[in-house]
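Fold and geometry: a report
Below, each chain spelled out in residue letters.
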Amino acid sequence: MLEIKNLKASTDDKEILKGLNLIINKGEVHAIMGTNGSGKSTLSKVLTGHPAYSVDDGEIFFENTNIKDLSPDERAQLGIFLAFQYPVEIPGVSNEEFLRIAYNIRQKYKKLEEVNPIQFFDIIKPKLDLSGVNVEFLNRNINEGFSGGEKKRNEILQMCVLDPKLAILDETDSGLDIDALKTVSNGINNFMNKDKSLILITHYQRLLDYVKPDFVHIMYNGKIIKTGDASLAFTLENEGYEGILTDIK
């Protein structure tokens, strides 16, 4: 699904990613953990083509297509989705309108028929159930006046509606109480199947109690320095980063 080779990237003339390598196959869940400033969020933005970041070296292959020079919307059309760490509020645009237009753009890209509002409601209703979102969300402006948990659930709803092949969730668990965490985790698990891939960027083990990763990667100074199974997250939870960082220094 995704292959990253020796990726180096910078912003404001500061190098953040310093030769990162990663391979993700279909059906896999990869958790990326690391200290603040290690480059986790930068990786998510570079993968989705954020214009504030420049790729200085390396390659990014998505389903064997080199996407390094593609625009954010072109990458999204191929099937890459990013749930933001800090979802923005967009006054004056309802969730229903936003999602329907985005859905129809995907339909047009796939050379399928666009849907009207009535048809779209039939499509989105099961997605609401999958993501644990109340139908009242559809009439509200995007994230306007939403609590932190509502914003994160709204991101999961967008993911379920747009149905990407690769979803990147940047600290989707941050700021969630235990009930909201369970709801968001259920939405993630309902979304996943053998043909999709998932990157979870997180600081905490607690999300991984509900969404089980196949691999856990530790980032430090712009690189992945250690990879393991789900038990690696438990080690971090109990011992912190000091032991791992000591080993590589």
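How each quantity is defined
Residues numbered from 1 in each chain as written. Predicted model: local features only at pLDDT ≥ 70, side-chain atom pairs only at ≥ 80, totals over all residues. Heavy atoms only, no water. Pairing = 2+ DSSP bridges. Helix = DSSP H or I, 4+ residues; strand = E, 2+ residues; numbered from the N terminus. Axes fitted to C-alpha atoms, helices over the stretch in contact; angles between N-to-C directions. Contact = heavy atoms within 4.5 Å. Buried < 20%, exposed > 50% of the residue type's maximum accessible area, 1.4 Å probe, protein only. Salt bridge = Lys/Arg side-chain N within 4 Å of Asp/Glu carboxyl O. Core = buried A, V, L, I, M, F, W, Y, C linked by side-chain atoms within 4.5 Å. Phe/Tyr/Trp six-rings, centres within 6.5 Å; stacked < 30°, edge-to-face > 60°. Lys NZ or Arg CZ within 6 Å of the ring centre and 35° of its normal.

Looking at the sheet that holds strand β3 (residues 29-34)
Taken together, the six strands give an open sheet; going across it, the order is β6-β9-β10-β3-β11-β12, and neighbouring strands pair in mixed fashion. Across the chains shown, the open sheet's two edge strands, defined by having one partner strand only, are β6 (80-83) and β12 (223-228). With direction set aside, neighbouring strand axes in the sheet form an average angle of 20°. Relative to β12, strand β11 (residues 215-220) is paired through five bridges, and the arrangement is antiparallel. Along β12, the bridge assignment pairs I218 with K226. Contacting β3, β6, β9 (166-170), β10 (197-201) and β11, helix α1 (residues 40-47) crosses the sheet at an angle of about 145° to β9.

Some thoughts on the pairing of β6
Covered by surrounding structure in β6 are I80 and L82 together with F81 and A83, the residues of both alternating faces. Inspection of the sheet shows β6 paired to β9 by four bridges, in the parallel sense. Within β9, the residue paired with A83 across the bridge is L169.

Some words on the sheet that holds strand β1 (residues 2-11)
Here we have four strands laid out as an open sheet, ordered β2-β1-β4-β5, and antiparallel in their pairing. The open sheet has two free edges, formed respectively by β2 (14-24) and β5 (65-66), since each of these has just one partner strand. In this sheet, β5 lies alongside strand β4 (residues 54-62) in antiparallel orientation, the contact comprising two bridges. From the neighbouring strand, F61 faces β5, where its bridge partner is N66. Those strands touched by α1 are β1, β2 and β4, and its axis lies near 110° from that of β1.

Side note on the pattern of salt bridges
As a working rule, side chains carrying opposite charge can pair if their charged atoms are close by. Taken as a whole and assessed by the stated rule, the structure comprises nine salt bridges. The salt bridge partner of E89 is K151, with a shortest N-O separation of 3.5 Å. Here K151 lies in helix α5 (residues 148-162) and E89 lies in the loop between β6 and β7 (90-94), a separation of 62 residues in the sequence. For E89, a relative accessible area of 40% gives the class partly exposed. Residue class for K151 comes out buried when judged on its relative accessible area of 17%. Between E96 and R100 there is a salt bridge whose closest N-O contact spans 3.0 Å. With a gap of four residues between them, E96 and R100 both fall in helix α3 (residues 95-109), about one helical turn apart. For the pair E96 and R100, one class covers both residues: buried.

Some thoughts on the nonpolar core
Of all hydrophobic cores here, the largest spans 30 residues; its most connected members are M33, L169, I188, L198, L200, V216 and I218. When residues of this core are assigned to their parent elements, the largest contribution, five residues, is made by helix α6 (residues 178-191). Setting aside chain neighbours within four positions, we find I218 in contact with M33, K223, I224, I225, K226, L232, L236, Y241 and I244. Counting residues in each nonpolar core, the second largest holds 23 residues, with L20, I32, L166 and I199 among its members.

Comments concerning the packing of aromatic side chains
Applying the stated criterion across every chain yields a total of two aromatic pairs. Both rings, one in Y103 and one in F120, keep their centres 5.7 Å apart while their planes meet at 55°; by these two values the pair is tilted. Of the two residues, Y103 is situated in helix α3 and F120 in helix α4 (residues 117-131); the sequence distance between them amounts to 17 residues. The pair formed by Y103 and F120 is uniform in burial state, with each residue classed as buried. Note on F137 and F146: the rings are 5.0 Å apart at their centroids and 55° apart in plane angle, and the pair reads as tilted. The residues F137 and F146 share a single accessibility class, namely buried. Across the ring face of F137, the terminal group of R140 is positioned such that the distance to the ring centre comes to 5.4 Å.

Treat this as a map of the structure, not an account of what it does.
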